[in-house]
Structure formats: C-alpha cells, structure tokens
Amino acid sequence: MAKFGGDGPLFPYYIRSNFTRNCEKYWWTNLLFINNFYPKLNYACLQWTWYLAAEMQFFLLSPLLIYPLFRSRKTGILIAFLTILACTITYGVLNTYYGLSPRLFDSPKRKIPDDTSPMELTYTKPYARIQPYVVGILAGYLLFARRSLHVPKVVAFVGWITAALLGLLVVYGLYPLYHDTMVQWDQSVYSLYNCTFRLVWGLVIAWILIACHRRRGGPINAILSWKVWIPLGRLTYGVYLIHIIILCVIFVNLRQLIHYTDLTMAFLYAAILILSYVGAFLFALFIEYPLFALEELLRKG
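Keep in mind that this is a model prediction, so the values were computed, not measured.

Quick notes on the rules
Residues numbered from 1 in each chain as written. Predicted model: local features only at pLDDT ≥ 70, side-chain atom pairs only at ≥ 80, totals over all residues. Heavy atoms only, no water. Helix = DSSP H or I, 4+ residues; strand = E, 2+ residues; numbered from the N terminus. Buried < 20%, exposed > 50% of the residue type's maximum accessible area, 1.4 Å probe, protein only. Contact = heavy atoms within 4.5 Å. Areas by Shrake-Rupley, 256 points an atom, 1.4 Å probe, with all protein chains shown as cover. Lys, Arg positive; Asp, Glu negative; His and termini not counted. Charge placed at Lys NZ, Arg CZ, Asp CG, Glu CD. Core = buried A, V, L, I, M, F, W, Y, C linked by side-chain atoms within 4.5 Å. Salt bridge = Lys/Arg side-chain N within 4 Å of Asp/Glu carboxyl O. Patch = residues over 30% accessible without salt bridge, like charges linked within 9 Å, V, L, I, M, F, W, Y side chains within 5 Å. Expected span 1.5 Å × (residues − 1). Phe/Tyr/Trp six-rings, centres within 6.5 Å; stacked < 30°, edge-to-face > 60°. Polar contact = N/O pair within 3.5 Å; in protein donor to acceptor, adjacent residues only side chain to side chain. Axes fitted to C-alpha atoms, helices over the stretch in contact; angles between N-to-C directions. Left-handed = near helix turned anticlockwise from the far one by under 90°. Nonpolar A, V, L, I, M, F, W, Y, C, P; charged D, E, K, R; others polar. Bend = angle between axes of the 7 residues up to and from the residue.

## Section: the overall build of the protein chain
Okay, so step 1: Helices and strands together make up the secondary structure of the protein chain, namely 13 helices and zero strands.
Okay, so step 2: Of the regular secondary structure in the protein chain, the N- to C-terminal order runs α-α-α-α-α-α-α-α-α-α-α-α-α.
Okay, so step 3: Referenced to the eigenvectors of the C-alpha coordinate spread, the extents of the protein chain come out at roughly 60 × 60 × 40 Å.
Okay, so step 4: In the protein chain, which comprises 301 residues, the proportion classed as buried is 35%.
Okay, so step 5: A separation of at least 24 residues holds for 67% of the contacts in the protein chain among residues at least 6 apart in sequence.
Okay, so step 6: With the model as given, the accessible surface of the protein chain reaches about 19,500 Å², and the carbon-plus-sulfur share is 71%.
Okay, so step 7: Considering the protein chain, the positive charge centre built from 26 side chains and the negative charge centre built from 13 side chains are found 14 Å apart.

Below, the structure written as structure tokens:
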C-alpha cells in the first residue's frame with residue numbers, strides 16, 4: 001500500500017529505503033526486538049520502531065530490578081541506583097568520546113563511518129533510555145509499599161516548585177543553543193545535559209504521579225484525570241506507529257520548499273496530529289482490537 005502513497009520527487013527513494021529494500025532484508029530484527037542494535041539505523045526496517053525494541057528490552061530486564069525490591073528493599077533500591085548510575089556514566093563517557101551535542105542532528109566531533117547515523121551512537125540504545133524506566137519502577141514500588149504514604153503540604157509545595165523548575169530547565173535550558181546554531185558550549189556541558197536530562201525528566205514525572213496519587217495534585221490532578229484523555233490515551237500506540245508515515249507522505253511528496261512561519265508550522269502540526277489520530281483509530285478498529293478479541297478467544301478455548 002505504501003507504493004500508492006504519492007509520486008513526489010523524494011517518494012521513490014523513501015519507499016525503496018524504508019519499505020522495499022530495508023524491510024525485505026531486515027524485517028526479522030523487528031520481530032526479535034533487536035533493531036536498535038542491528039542493523040545500522042540507515043538500513044533498519046521502519047526506522048522509528050527502534051523504540052519498541054528498547055521498551056521490550058526494558059521489560060525483559062525489569063524482573064532483575066523488581067524481584068530484589070520484594071526480597072529486600074535496601075538491596076533492590078541499591079541495584080536500581082547502581083543501574084541508573086552505570087547507565088548515566090556510560091552515556092556521559094560516550095557523549096564525551098564522540099563529542100556529541102544535545103542538538104540531535106549535529107555531526108559528532110569524532111569521525112564516524114559514513115553509513116553510521118549519529119543517532120545510533122547513543123540515542124537509540126537502552127543504556128541511554130533506561131534511567132526514567134528505573135525511576136518509574138521505584139515510584140511504583142513506593143506507591144505499592146507505602147499505600148498510606150502521607151505527603152505534608154509543605155513537602156508538596158516544595159516538590160511542585162522543584163519539579164516545575166527542573167521540568168522547565170530540561171525543556172527550555174537549551175533554548176540559546178537551538179535559537180542560534182552558531183552558539184557553542186563546552187563539551188562537558190553537552191555531556192552533562194545529555195546523560196542527565198532523561199533522568200531528571202523521569203523524576204519530574206514520578207513526582208507528578210506520586211503527588212496526584214496522594215491527593216496533592218490540585219488542579220493538575222483534575223486536568224490529568226479528565227476522562228477525555230482515556231480514549232485518546234488508548235490510541236497513542238497507534239499514533240506512534242502511524243505519525244511518521246504521515247509525516248513522510250506529506251514531506252516526500254512536496255515539489256517545492258516550505259516558507260517557514262509560525263502559523264504554517266501550527267497548521268501542519270494540527271493537521272498531522274488529527275490525521276495521526278484518525279489513522280490510529282482505524283488501525284485500532286480494524287487490526288488492534290480484533291486481534292485482542294481473537295487472543296481472548298484463544299485463551300478461553
């Protein structure tokens with residue numbers, strides 16, 4: 001079906017690289033959930049699905065973190081802390097070695113093979129992603145083990161202020177770097193940010209979950225508990241799978257450059273968001289939910 005998605009000047013290359021050539025040769029790596037390691041990202045089938053491989057790897061490793069928590073709280077917390085520490089140090093060392101910048105598509109300072117994408121050096125690897133996953137496990141364990149946990153109002157106030165400041169720092173701390181591509185910071189700053197920002201963001205999200213669960217969320221909890229998010233949330237997996245295809249179909253069929261304006265980007269964002277959710281709804285209606293129903297029948301049978 002992808003072959004009938006357009007006829008723009010870049011469309012044949014996109015189809016040949018992402019669907020025809022790459023998927024015919026490396027489809028099996030997606031089934032084994034190793035496509036974030038092999039092949040190289042430029043040759044991967046459905047390149048954006050590397051994150052599914054990372055998530056599966058986290059899932060397979062999670063018993064090594066969860067079981068010790070139930071056997072011994074101190075041992076489990078120590079293992080989780082050492083996991084975060086080891087991954088943070090590994091990520092920082094690799095960033096420093098290759099000279100990587102927080103700007104995703106900047107070329108590394110160290111020479112790498114021509115067929116290697118800068119993203120696959122660290123971006124797609126589980127040791128660059130597992131920190132917030134471990135934080136989530138610890139947050140879940142805290143809520144499970146301390147079901148009567150009481151968060152004083154003073155602690156809640158300090159927690160929300162700290163979380164807000166850290167969240168804003170993660171999102172907007174690089175504004176000068178992105179606003180002016182000529183701006184350059186020291187490599188040590190780049191490495192420190194790259195190896196810690198996902199950990200910090202995971203801590204911010206963990207605080208939001210804990211505070212809302214313990215009735216210290218106020219209006220934020222009311223917004224996040226709004227029932228309209230339920231059907232939208234159930235479609236997010238389909239949106240993830242489909243949105244890149246919609247992006248590519250739009251942009252590889254363009255026959256002229258887009259003149260950038262904020263309004264143009266806003267319209268494009270809204271259109272792609274709506275189309276992604278429509279596609280995800282159809283995906284769920286005709287593929288995902290029927291397969292769930294079939295699985296349930298097989299279990300009962």
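## Some details on the nonpolar core
Okay, so step 1: One finds Ile84, Ile130, Val134, Val135 and Ile210 to be the most contacted residues of the largest nonpolar core, which totals 21 residues.
Okay, so step 2: Among the elements that line this core, the one with the most residues is helix α6 (residues 130-145), at seven residues.

## Quick word on the pattern of salt bridges
Okay, so step 1: Under the criterion given, the structure shown has one salt bridge.
Okay, so step 2: The shortest N-O distance in the salt bridge between Arg299 and Glu295 comes to 3.0 Å. Here Glu295 and Arg299 lie together in helix α13 (residues 262-300), a separation of four residues that amounts to about one turn.
Okay, so step 3: Residue classification places Glu295 among the partly exposed positions, given a relative accessible area of 36%.

## Observations regarding a nonpolar patch on the surface
Okay, so step 1: A cluster of nonpolar side chains, Ile274, Val278, Phe281, Leu282, Leu285, Phe286, Ile287, Leu291, Leu294, Leu297 and Leu298, forms an exposed patch at the surface whose accessible area comes to about 1,100 Å².
Okay, so step 2: On the basis of relative accessibility, which here comes to 43%, the residue Val278 falls in the partly exposed class.

## Overview of α13
Because each turn of an α-helix spans 3.6 residues, side chains separated by three or four positions end up pointing in the same direction.
Okay, so step 1: Between its first and last C-alpha atoms α13 spans 53 Å; for 39 residues at 1.5 Å apiece the expected length is 57 Å, and the two agree.
Okay, so step 2: Among all positions of α13, only Leu268, Ile272, Ser276, Gly279, Ala280, Ala284 and Glu288 are buried.
Okay, so step 3: Considering only its buried residues, α13 is in contact with α12 (236-251).

## Description of the packing of aromatic side chains
Okay, so step 1: Tallying each qualifying case throughout the model produces twelve aromatic pairs.
Okay, so step 2: With centroids separated by 6.0 Å and ring planes inclined at 40°, the aromatic side chains of Trp28 and Tyr38 adopt a geometry described as tilted. You can see Trp28 sitting in helix α1 (residues 11-31) and its partner Tyr38 sitting in the loop between α1 and α2 (50-61), a full ten residues away along the chain.
Okay, so step 3: Classification of Tyr38 as partly exposed rests on a relative accessible area of 41%.

## Looking at unusual backbone geometry
Okay, so step 1: Following Tyr38, the chain continues to Pro39 via a peptide bond in cis, the omega torsion being 0°.
Okay, so step 2: Relative to the helices and strands, Pro39 resides in the loop between α1 and α2.

## Quick look at the side chain of Ser191
Okay, so step 1: Position of Ser191 relative to the elements: it lies in helix α9 (residues 187-213).
Okay, so step 2: A residue is classified by how much of its surface remains accessible, and Ser191, at 5% relative accessible area, is buried.
Okay, so step 3: Among the polar contacts made by the side chain of Ser191, one reaches the side chain of Thr96 at a distance of 2.9 Å.
Okay, so step 4: Excluding residues within four positions of it along the chain, Ser191 makes contact with Gly92, Asn95 and Thr96.

## Side note on the environment of Arg21
Okay, so step 1: For Arg21, the position within the fold is in helix α1.
Okay, so step 2: Judged by its relative accessible area of 40%, Arg21 falls in the partly exposed class.
Okay, so step 3: Counting along the chain gives 23 residues from Arg21 to Ala44, while the straight-line C-alpha distance between them is 9.5 Å.
Okay, so step 4: A distance of 3.3 Å separates the side chain of Arg21 from the side chain of Asn22, its partner in a polar contact.

## Quick look at the packing of helix α4 (residues 73-98) against α9
Okay, so step 1: One can describe the packing of α4 onto α9 by two numbers: an axis separation of 9 Å at closest approach and a directional angle of 145°. The way α4 lies across α9 gives a crossing that is right-handed. Residues Ile84, Thr88, Tyr91, Gly92, Asn95 and Thr96 of α4 lie in contact with α9, whose contacting residues are Gln187, Ser191, Asn194, Cys195, Thr196, Arg198 and Leu199.
Okay, so step 2: Grouping the amino acids of the contact of α4 with α9 by side-chain chemistry returns four nonpolar, eight polar and one charged.

## As for α12
Okay, so step 1: If you check α12, its first and last C-alpha atoms are 22 Å apart, about what 16 residues at 1.5 Å a residue would give, namely 22 Å.
Okay, so step 2: Along α12, the largest kink reaches about 35° and is centred on Ile242.
Okay, so step 3: If you check which residues of α12 are buried, you get Gly238, Val239, Leu241, Ile242, Ile246 and Cys248.

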